[in-house]
Structures are given as C-alpha cells and as structure tokens.
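Tertiary structure, described
Listed here are the chains, written in short residue letters.
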Number of protein chains: 2
Amino acid sequence: MFDYNQIIEFDPGTLIRMDLDLEPSFPIFFGYDIEDHFIDTLKQAVSHNSVDRVFFLTDAFIFDLFGGHFYEKIKQAFTTTDIYLLPRGESCKTFEVLQTLCDHLVGKGVSKRSLLIAFGGGSVGNITGLAAGLIFRGIRFIEIPTTITHQTDGVLSNKQAVNGKHGKNNFGLYHAPLLAWADTRYTEHEPLRFKKSGIIEGIKNGLIDQQAFLPFLERAIRQNGDYTPQQLTDLCFKLIRSKFEILKKDPTEKHYGIILEYGHTFAHAIEWLSKDTLTHGESVSFGMKIAAELSCKLVYINDKAVNLHYHLIDDVLQLRPRLPEHLNPETVFDTMYADNKRIGRDVRYVLLKNIGQCKKGDGDYLLHVDKAIVKGVLENFFTNFANP
Amino acid sequence: MFDYNQIIEFDPGTLIRMDLDLEPSFPIFFGYDIEDHFIDTLKQAVSHNSVDRVFFLTDAFIFDLFGGHFYEKIKQAFTTTDIYLLPRGESCKTFEVLQTLCDHLVGKGVSKRSLLIAFGGGSVGNITGLAAGLIFRGIRFIEIPTTITHQTDGVLSNKQAVNGKHGKNNFGLYHAPLLAWADTRYTEHEPLRFKKSGIIEGIKNGLIDQQAFLPFLERAIRQNGDYTPQQLTDLCFKLIRSKFEILKKDPTEKHYGIILEYGHTFAHAIEWLSKDTLTHGESVSFGMKIAAELSCKLVYINDKAVNLHYHLIDDVLQLRPRLPEHLNPETVFDTMYADNKRIGRDVRYVLLKNIGQCKKGDGDYLLHVDKAIVKGVLENFFTNFANP
C-alpha cells in the first residue's frame, strides 16, 4: 500500500522515473520544470532504434504558452524536427483532422523510424496516438501531457480515439507511447476550473479503493488553486499513484479496473448532453454523487458515506459547476439507456459498499439495478442536490 | 514438408477446416460450394460470445453476382442483419469511406457484440477489417474472400489499411478475423486475367521456398482458366498451403517471412506507376523476373533458374501483361528509391541463390545491392524482356 502521507521533496529540475509495469509498459518521467532533461532522456529512449524524423504536434495556444522554447530545443538536438499545429480542444478529434494529419506527415517524410510528440492535453494526445497507431500500421510516439487530467489519468490508459457523429471516442485503438513526460510546471497555467476538474478522478480513486488518499487530499487541495511548485508536484504525483495502485491490481483494466468507471455511467450521459459545456471532471463529480445516492438507496452505504462525497467535492475541492438548464432526470436517464443499448450492453453500475471499497456482484463489479430505482434516485438528485 | 502431389478430393459441399496456428490464429473454412454450412459454422463460432447485430459489407457488383442469396440466408438466421454496399475496388480504401462507414454503423446500432462480414475481394476485406479494428477499439469481423488473390494470399496477413494521398496502404492496423470463409465457387467467376494474377504469388512461393510446388503448378494451371471445381479447389488449397508452409517457419512474417517480398520492391513501384492498370499479381510477375535477373547478374543463380521464371509466367501461366508506355527504367528506379527513402529504409532486395532458396545476407534475407547494378539490370530488362 502506497503511503500517501510520506512527504516527497520535488526540487525543481529534479527528474523522477516511474515504471508502472503495466501491460504494455512505458516509463513516465515526472517532475517540476524538468525540460532540461528531455533531450538526454529522448536520446536514450531511442538509442537502440534511431529516429530519422521528429514531428512535434500541439495546438497554437499551448505552443504560444510554453511550446516554443521546448520545440527549439528538440529541433537543435534533432535537426529534422518539424511542427504541426492541431485545432484546439475536442475539435481536433475527428476523422477529417486525422486524415489531413496523416497525409501531411507522409508528405513530409514520416517513416517507420520517425517519432511523433504529442504536446498538449487529452485531445492532442488522443489524435496523435491514433495517428501514430495507424501510420504504416504503427510508429512510435511520446506523450507530453500539459494538463492535470491528462498527466494523472489519461496517459495511463493508452486509449486513442476520435469522436464520431453519434458519440465520443467511437473509433480508436490501443497504442502505448514510448514514454510519457509529465512536467507539472505546465499545469500551473491551467485555469482554476480545469485544475479542479483534474483532481476529481483522484477523489474517485480514494472513494473506490484508496481510502488513505482522502485525508491527504483534504489537506493538500487548495481551493484557490494556489499551489507552490512542491505542493502541486506532490499532488500530481500522488494522483498518478492513486490510479496506478488500482491498475496494478489488474493491469488490463478489464476486471477489477472496471471500478475506475465509478460514476461514469451517469457522467457520460451528462457530459454528452452538456455539449462540452461541462468538463469531464465536472460531469464525473455529478456522476459520483448520483452513484453514491444510488448506493445508499440500495442500503450498501449509509448517509455518512454519501455526505463524504458532497464534502470532498463541494467543500474541499469546491468544484461547483451548474448543470445546464436543459438537463433533467428524464433526458439523463434516456441518454444512459439509449447509449448503452447502442453499444450492446445492459446498463450496469459500479457502486460502493464502503468508503474505499466497491460492491461486488456476480463475479464482477458491475451491478444490475432496477430502472425504477435509478429513475427515482435521479429525480431526487435533480430536485435536491444537483446545484449546490 | 507438405506433399503437393497428393490428390485431395474436394467434393462440392464438403467443408474443410484449416487451422494455421499462426499468431494471432484463426480458422479458415474451405471448400467448393460450402455456403450451406455457413450458418452452423457462424453460430458455433459465436456460441461463447453472442452476436447482437450482423453487418454484411460488400459491393453492388459482388452482391448481384452471388451475394443476394447468401445475405438472405444470414438474415434468416440472424434477423438483425443489415447490409452496407461499398464502392467497388480500390476506391473504397479511403478515409472518407471509412468515416462514412463507421458513423453509419454506429447510427445503425453496431456494438461491442456486433459482427461485420466482409464479402468480396481484398479491398472489401481491408476496409471492413480496418473499421472492425477501430469501432469501439475493436470488434469482431469475418472474411469471405471471393477472389483467388484474397483467398490464398491476402487473408493470411491480417493487414488492414486505407490508401493515402501519397501511397497505398499508408494507414492501417493488424486485426485478425474471427474466421475466414474461402468458397472456391466464387473464384470461378473471376475474369481470366484476375485468376492468373491470383496464382502469381503461388509461383513466387515455389521459387523462394516451396520448390516441390512448382511441378504441381506446371501440371495444374489451365491457361484458359477452365478448371473443374475439383481442379480449382485443389489449386486454391495448395496455394494457401504454399504460403502457410513459409509463414509457419516464422509466424510473425518479420524475419524469414520477409522472403515473401521477393520481387515486390520492383513490383510496388511498377504497380504504383501503372495507376492500377496493372493488377498486383501482374506487377509482381514483372518484379520477380527483374529480381531473378538481378540474382543472376550477381552470380547467385544461373541462366537456367532465370529462365524458369519466364517459363512459369509466360508459358505455363501465360500471364503476359504489357507494361504501360510511360514506364521506363528511370521512373521505376526513381520511384523505388524515393518510396524507400520516404519510409525510412535503405532499398534492399530479396534475391535467390537457388530455385526454392533465398540468398541470406548479414543476419537476414534483405540484401544491399549497388545502385548502378540495379539500374543496369532494369535497363537490360526493359530493352529485352519487358514485353514478351
């Protein structure tokens, strides 16, 4: 069990290598302001299989913010480095952008021996990872996540995808990066709302499995987002650990790892209905509260455990998004059941039986719940708790 | 060693199951006029993991020829079966078709538990396999190849791809079918030129490794394409075996399997320059002759071995395509070296040291050859042998 209370000194410029030994495995290089180590690390990572060309993929906003200097450094070390600017945010996750990108890279001489670098948030990572997976049936890429969400949650999944006409992440593949490079300095620049959204999955990890993480979060979270470099880096490190501790019990993320979906059945419907006006983390914050209410309704957990959800999200993190006006219990319910019907599975739920422990059903952690009960919980939640 | 001389009786309607034990492994169900067994075979193949929807992908030409009856049978057994008609031939291997197809299938309710069926030649197989690989990060599909080329060569590779602006099969992935269904009755309808093209890779397999296959081919090939069902089925069966015997020495197709690329460095350039006026098999027939000339020039093989190439292709198979006027030694040479420069490798060649044996270089079967020698061989070939 990882000790979340240990104090780890993260001196600016000091590089830590995390080997998570998942399958497929790749190292995460971690620290605050570690850019100076990047070239040496990259050279070592490709020393057995040389790189002929490097393509640096980012968006104009991130590039202006802190990509320019970094890009110049890479270009000095790898003179064949080229840059490609993607549309910002989710809008880059389309087949059209994928095709334009892929053909552009081939035109520029990308080869089996080339390397793509994804510098940005989850969207940049996703489209770059998918392109890397498809070009000549798979070339190498590196993830440099610049957001808390992607550094501490997204990069650990190896899931690459574009959105479809009918839903998010419909089309994609699994393709692991050669390495991930998590410099917490980039996350300092995130707007408060996104910083907070990035911590939600960590709260989830505490609630479902890593109970010992919760007291740390209570102490470590700054409501105004004002972290010292040491504080922010310690927080991000432990957010990564909180997911890793769960994944290592189940490297495939198929069986025990399914508990990471806690609250996500509700969250996916809410996020989709909000048309991206809510972040993923904000949607998950609602989803977890509803999942807690449902767990309580089924008498798996008591009021105190439910209240801990509200306490952590509303009081400790103080992430208090408003649900868009057009959302109501019926639309959320219908979207959930339509979504799941479409992807061919029954709607099943990850629920709690205790803080730090999920309820196990017949062989796995996905539970069937009577539709009427779900509907009742949704109605009650929207009436009483939706907008704190 | 497989005995190519054994006579195998293929009674119409009799189903043979071939398990090639490659990695990843899938069974090939084989025979002449075996359609009546399909539903039972399919039901058994999905008995442990039920199918909610079936999508039958083909093109209008193939559907009219022999898809209609088959489709109705599947629809009777799986009432949720739906059909999707792809553009005919290589024109379906684009990102645009892929996107339209993927979104259409999601709109029609494709799920993790659905099954795609590719009914057609290599293009239908490629686009269907790629879509199956990407939808929800991978769903099941079945290959029903209707051409000799795809039945006896293409389906064994698991390579799925679309073409890019700058080249063929630039973007794709490896995705193995649940099973392949090779009914040689479909191949009876192929135009003579395509039947012959489908046999070229088999001649190649004989020349590079399976020498014992060549006397069989000399006896079995009918120049007018007029095969009895028994003859055609025996030929296709042994064409599959001739590739399988090579693959099983190297299930990854990475090291020893590279010899399957014999003649292909020249062939890819010729096929690309011909703008699809030459079939893949026709291009490979030129490529093998040039590779033989080069092997001879380097004194690896003698004239007799070279002449066997011409004998098998020109006299036995009587595949005698004309090279398009605009092709010449310089354009072929330049395309080869530009192509390979683009994909980041030196131009290296698989060459013969004997009939049935490839020349081994430093550790593998890819040999460096001085550019001037390659140029000389190309010039000589175009002057003296290109159009027999």
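The numbering scheme is per chain: residues are counted from 1 as the chain's sequence reads. Written order determines the labels here, with chains lettered from A and ligands numbered from 1. The predicted nature of this model means local features are confined to residues of pLDDT at least 70 and side-chain atom pairs, given and counted, to a pLDDT of 80 or more, with totals for whole chains, interfaces and linings taken over all residues. Derived side-chain values reflect all non-hydrogen atoms in the structure, with water molecules and hydrogen atoms excluded from consideration.

With that settled, consider the overall build of chain A. Only DSSP runs of H or I covering at least 4 residues are called helices, and only runs of E covering at least 2 are called strands; the numbering of each starts at the N terminus. Looking only at helices and strands, one finds 13 helices and 11 strands in chain A. When we talk radius of gyration, it's over C-alpha atoms, and the globule rule is simply 2.2 Å times the number of residues to the 0.38. For 388 residues, the compact-globule estimate of 2.2 N^0.38 gives 21 Å, and chain A sits close to it at 21 Å. Expressed as a percentage of the 388 residues in chain A, the buried residues total 60%. We call two residues contacting when some pair of their heavy atoms lies within 4.5 Å. Restricting to contacts in chain A with at least 6 residues of sequence separation, those with at least 24 account for 74%. Carbon and sulfur atoms make up 49% of the accessible area of chain A, which totals about 15400 Å². Charged residues are defined narrowly, with Lys and Arg counted positive, Asp and Glu counted negative, and His plus the chain ends left uncounted. Each charge is placed at NZ for Lys, CZ for Arg, CG for Asp and CD for Glu. Placing the 43 positive and 48 negative side-chain charges of chain A at their respective mean positions leaves the two points 4 Å apart. Type-normalised accessible area, obtained with a 1.4 Å probe on protein chains alone, sets the label of each residue: buried when under 20%, exposed when over 50%, and partly exposed for intermediate values. Where accessible areas are quoted, they stem from the Shrake-Rupley method and a 1.4 Å probe; at the residue level, only the protein chains shown are allowed to cover.

Residues and elements named next belong to chain B. Most of strand β9 (residues 179-183) sits inside the fold, with 5 of its 5 residues counted as buried. Covered by surrounding structure in β9 are L179, W181 and D183 together with A180 and A182, the residues of both alternating faces. The rule for pairing is simple: two strands pair if DSSP sees at least two bridges between them. Bridge count for strand β2 (residues 27-31) against β9 is 4 bridges, and the pairing is parallel. Across the sheet, the residue bridging to I28 is A180, located in β9. In terms of strand pairing, strand β6 (residues 140-145) meets β9 through 2 bridges, oriented parallel. Bridging across to β9, E143 finds its partner in A180.

All names here are of chain B. Taking strand neighbours across the sheet as the criterion, the 7 strands line up as β1-β2-β9-β6-β5-β3-β4 in an open arrangement whose pairing is mixed. Two strands in the sheet have a free side with no partner beyond their single neighbour: β1 (16-19) and β4 (82-86). Strand-to-strand twist in this sheet, taken as the mean axis angle between neighbours without regard to direction, amounts to 20 degrees. Across 4 bridges, the pairing between β1 and β2 is antiparallel. Note that in β2 the partner of I16 across the bridge is F30. Here, axes are lines fitted to C-alpha atoms. For helices the fit covers the stretch in contact, and angles between N-to-C directions go from 0 to 180 degrees.

By a widely used convention, the size of an interface equals the accessible area lost when the partners come together. If you look at the interface, chain A gives 35 residues, while chain B gives 35 residues. Computed with a 1.4 Å rolling probe, the buried area is the accessible surface lost when two parts are put together, summed over both parts. When the two sides are added together, the surface that chain A and chain B hide from each other amounts to roughly 3000 Å², 60% of it contributed by carbon and sulfur. Any carboxyl oxygen of Asp or Glu that lies within 4 Å of a side-chain nitrogen of Lys or Arg is treated as forming a salt bridge with it. Put simply, chain A and chain B have 0 salt bridges between them. Polar contact is defined as a pair of N or O atoms within 3.5 Å, subject to the rule that within protein one atom must be able to donate a hydrogen and the other to accept it, and that residues adjacent in sequence are counted only when both atoms are side-chain atoms. For the pair chain A and chain B, the interface holds 12 residue pairs in polar contact (both at pLDDT 80 or more). For the side of chain A that touches chain B, the elements supplying multiple residues, two or more each, are α3 (95-107), α4 (122-134), β7 (159-162) and β8 (171-174) of chain A. In terms of residue count, the dominant contributor to the side of chain A that touches chain B is α3 of chain A (8 residues).

All names here are of chain A. Segment limits for the domains were obtained from an automatic or database-derived domain assignment. For chain A, the domain assignment lists domain 1 (16-189) and domain 2 (193-384). Between domain 1 and domain 2, the residue contacts involve 23 residues of the former and 22 residues of the latter. Between domain 1 and domain 2, the buried area comes to about 2300 Å², and carbon and sulfur atoms account for 69% of it. On the surface where domain 1 and domain 2 come into contact, there are 3 salt bridges. Its salt-bridge partner being K243, residue D153 comes within 3.3 Å of it at the nearest N-O pair. Contributing elements (two or more residues each) for the side of domain 1 that touches domain 2: β2 (27-31) and α5 (148-152). Here the side of domain 1 that touches domain 2 takes 4 residues from α5, the largest share from any one element. Side-chain classes follow a simple rule in which Ala, Val, Leu, Ile, Met, Phe, Trp, Tyr, Cys and Pro form the nonpolar group, Asp, Glu, Lys and Arg form the charged group, and the remainder, Gly included, forms the polar group. Class assignment of the residues belonging to the side of domain 1 that touches domain 2 gives a composition of 7 nonpolar, 9 polar and 7 charged.

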